[in-house]
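# Close look at the chain arrangement
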Amino acid sequence: MQVPEAVRWADGGDAIDLLDQTELPEAETRLRITSADAMAEAIRALRVRGAPAIGIAAAMAFAFEAARHARLERGEFLERLAATRALLLAARPTAVNLAWALDRLDRLVGSLSDAPNGVVACKLWGEATAILEEDRAMCRAIGEHGLALVPDGTRVLTHCNAGALATGGIGTALAPLYLAHERGRALHVFVDETRPLLQGSRLTAWELGRAGIPVTLVTDSAAAVLMAQRRIDLVLVGADRIAANGDVANKVGTYGLAVLARYHQVPFYVAAPCSTLDAFTPTGAGIPIEERAADEIRRGFGRLTAPADVAVFAPAFDVTPAALISGILTDRGVLEPPFVDGVARLTTTAPDVVA
Ligand code: MRU
């Protein structure tokens, strides 16, 4: 199956190649990233976005920076790595995958205290590559576990983009859809536009359409009508962080969909790899929620779409309470409510890096 690659090595590991998602669907522009500064900018600007993809991209940038500074004296080298980690970690606060990936590399550096800088840099390159490859495998496993949710004829509603563009593989929420389609099952995917940055219309509709999966684009506010008309069998979304009790942070609007799904008795599932589970944040109330710039709403894509000085509330994410979630689809199987034991069992995030 051919899906777009959000992030990959270029020039034999001498650069990182990103598909600039701010340009989609108008243009498929690939960027060549050669510094952590440029990667932090790309993450902040959503050129690369989606929880797993930003973890992978940050890990690659960290490894890249280690190679660039391997000739420094040890103390300076370690200082440079610490500053790089802080820079990348601060780029976006909500998705735990960023901290998860950087912590993994940090622990590797700690375990190599006797190795020369060049060896440390080489091992970091291998670990970042492993994070990318593992994510690819986790996406496929999520897809396999999720196949039972999408029998022939399923009509799915999804929000934002939790597809190939958000991961190193075939996505999280979109993975079961890709696999079901590949196996010849009929599917119809309703895609929320996803205000204000339109990840649904610009990215999800684009990547599913490219794969030949039938898509209907809807405005976010049409979801209620679709459910009332019994035209949705399943709501399937991704996650940026899942707290110990199963509360889920995901793109703003997800919580509203979960409320609608409960009212209309439509199953509401969240798909995420284990790298998105965070058993060290007890509930969703402890998840830091990124707020975006007011002009992303006042000046949608460069045009004035509101009074220039109107006050704006622009959370990028919201938290869906665990009580509204029918199941959490992971690479290691489907967790059923209550989620506490399952999240604890599958969490791989270390407590010292969780914001
Ligand atoms: O702001 P974004 O585009 O990074 O938000 C992405 C989402 O909310 C996704 O649903 C989530 O990261 C899961 S991606 C597999």
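Structure shown above.
Everything numeric here is computed off the predicted structure, so don't read it as measured data.

Basis of the calculations
- Residues numbered from 1 in each chain as written.
- Predicted model: local features only at pLDDT ≥ 70, side-chain atom pairs only at ≥ 80, totals over all residues.
- Heavy atoms only, no water.
- Helix = DSSP H or I, 4+ residues; strand = E, 2+ residues; numbered from the N terminus.
- Rg over C-alpha atoms; globule rule 2.2 N^0.38 Å.
- Buried < 20%, exposed > 50% of the residue type's maximum accessible area, 1.4 Å probe, protein only.
- Contact = heavy atoms within 4.5 Å.
- Pairing = 2+ DSSP bridges.
- Axes fitted to C-alpha atoms, helices over the stretch in contact; angles between N-to-C directions.
- Parallel < 35°, antiparallel > 145°, perpendicular 65-115°, else oblique.
- Left-handed = near helix turned anticlockwise from the far one by under 90°.
- Nonpolar A, V, L, I, M, F, W, Y, C, P; charged D, E, K, R; others polar.
- Polar contact = N/O pair within 3.5 Å; in protein donor to acceptor, adjacent residues only side chain to side chain.
- Near = heavy atom within 4 Å.
- Areas by Shrake-Rupley, 256 points an atom, 1.4 Å probe, with all protein chains shown as cover.
- Salt bridge = Lys/Arg side-chain N within 4 Å of Asp/Glu carboxyl O.

### Structural notes on the overall build of the protein chain
- Across its full length, the protein chain carries eleven helices and 14 strands.
- Expected size for 355 residues packed as a compact globule is a radius of gyration near 20 Å; at 20 Å, the protein chain falls within 12% of this value.
- Based on the C-alpha atoms only, the size of the protein chain along its principal axes is roughly 65 × 50 × 40 Å.
- The buried share of the protein chain, taken over its 355 residues, is 56%.

### Structural notes on helix α6 (residues 175-182)
- Counted residue by residue, α6 has six buried out of eight residues, so it is predominantly covered.
- Every buried residue belonging to α6 is among Ala175, Pro176, Leu177, Tyr178, Leu179 and Ala180, and all of these are buried.
- Structurally, α6 contributes buried residues whose contacts are with α5 (117-146), β4 (154-158), β5 (187-192), α7 (199-210), β7 (234-237) and β13 (327-330).
- Looking one or two residues past α6, glycine 184 carries a phi angle of roughly 85°, positive in sign.

### A closer look at the sheet that holds β13
- The strand order β6-β5-β4-β7-β10-β13-β14 describes an open sheet built from seven strands, whose pairing is mixed. What marks the edges here is a single partner per strand, and that holds for β6 (215-218) and β14 (333-335). Across the sheet, the mean angle from the axis of one strand to that of its neighbour is 25°, orientation sign disregarded.
- Of the strand pairs in this sheet, β7 and strand β10 (residues 268-271) are connected by three bridges, and their pairing is parallel. Within β10, the position partnered with valine 237 by the bridge is valine 270.

### Remarks on the packing of helix α1 (residues 36-44) against helix α3 (residues 74-89)
- Relative orientation of the contacting elements α1 and α3 amounts to 15°, with a least axis distance of 9 Å. Here α1 lies roughly parallel to α3, going by the angle between them. The handedness of the crossing between α1 and α3 comes out as right-handed. Contacts between α1 and α3 involve Ala36, Asp37, Met39 and Ala40 from the first element and Thr84, Leu87 and Leu88 from the second.
- Class assignment of the residues belonging to the contact of α1 with α3 gives a composition of five nonpolar, one polar and one charged.

### Quick notes on the side chain of aspartate 192
- Within the element layout of this structure, aspartate 192 appears in strand β5.
- One polar contact links aspartate 192 to histidine 159, side chain to side chain, over a distance of 2.8 Å.

### So, the site of the ligand
- The full set close to the ligand counts 17 residues, and Arg49, Ala51, Arg92, Asn250 and Lys251 are the nearest of them.
- One nitrogen or oxygen atom from the main chain of glycine 50 is found 3.0 Å from an oxygen atom belonging to the ligand.
- Between the ligand and the protein, one listed contact pairs an oxygen atom with a side-chain N or O atom of aspartate 240 at 2.9 Å.
- Starting from 420 Å² of accessible surface for the ligand in isolation, the protein chains cover 99%.
- When grouped by side-chain class, the residues that make up the shell around the ligand number seven nonpolar, six polar and four charged.

### Considerations on the pattern of salt bridges
- Considering all chains together, one arrives at 19 salt bridges under this definition.
- Residue arginine 104 is joined to glutamate 127 by a salt bridge in which the shortest nitrogen-to-oxygen separation is 2.9 Å. With arginine 104 in helix α4 (residues 96-111) and glutamate 127 in helix α5, the pair connects residues that are 23 residues apart, well separated along the chain.
- Residue arginine 292 is joined to glutamate 290 by a salt bridge in which the shortest nitrogen-to-oxygen separation is 2.7 Å.
- Residue arginine 292 is classed as buried on the basis of its relative accessible area of 17%.
- Several salt bridges share partner residues, and in doing so they unite Glu5, Arg8, Asp17 and Arg30 into one network.

### Some points on the packing of helix α2 (residues 51-68) against α4
- Orientation of α2 relative to α4, taken along the N-to-C sense of each, is 30°, at an axis distance of 7 Å. As the angle between them shows, α2 and α4 are arranged roughly parallel. Considering the relative orientation of α2 and α4, their crossing is right-handed. Where α2 approaches α4, its residues Ala51, Pro52, Ile54, Gly55, Ala58, Ala59 and Phe62 are matched on the opposing element by Asn97, Leu98, Ala101, Leu102, Leu105 and Val109.
- Split by residue class, the contact of α2 with α4 holds eleven nonpolar, two polar and no charged.

### Topic: the pairing of β7
- With burial as the criterion, each face of β7 is covered, one bearing Leu234 and Leu236 and the other bearing Val235 and Val237.
- The pairing of β4 with β7 spans two bridges and is parallel. Paired with leucine 157 across the strands is valine 235, a residue of β7.

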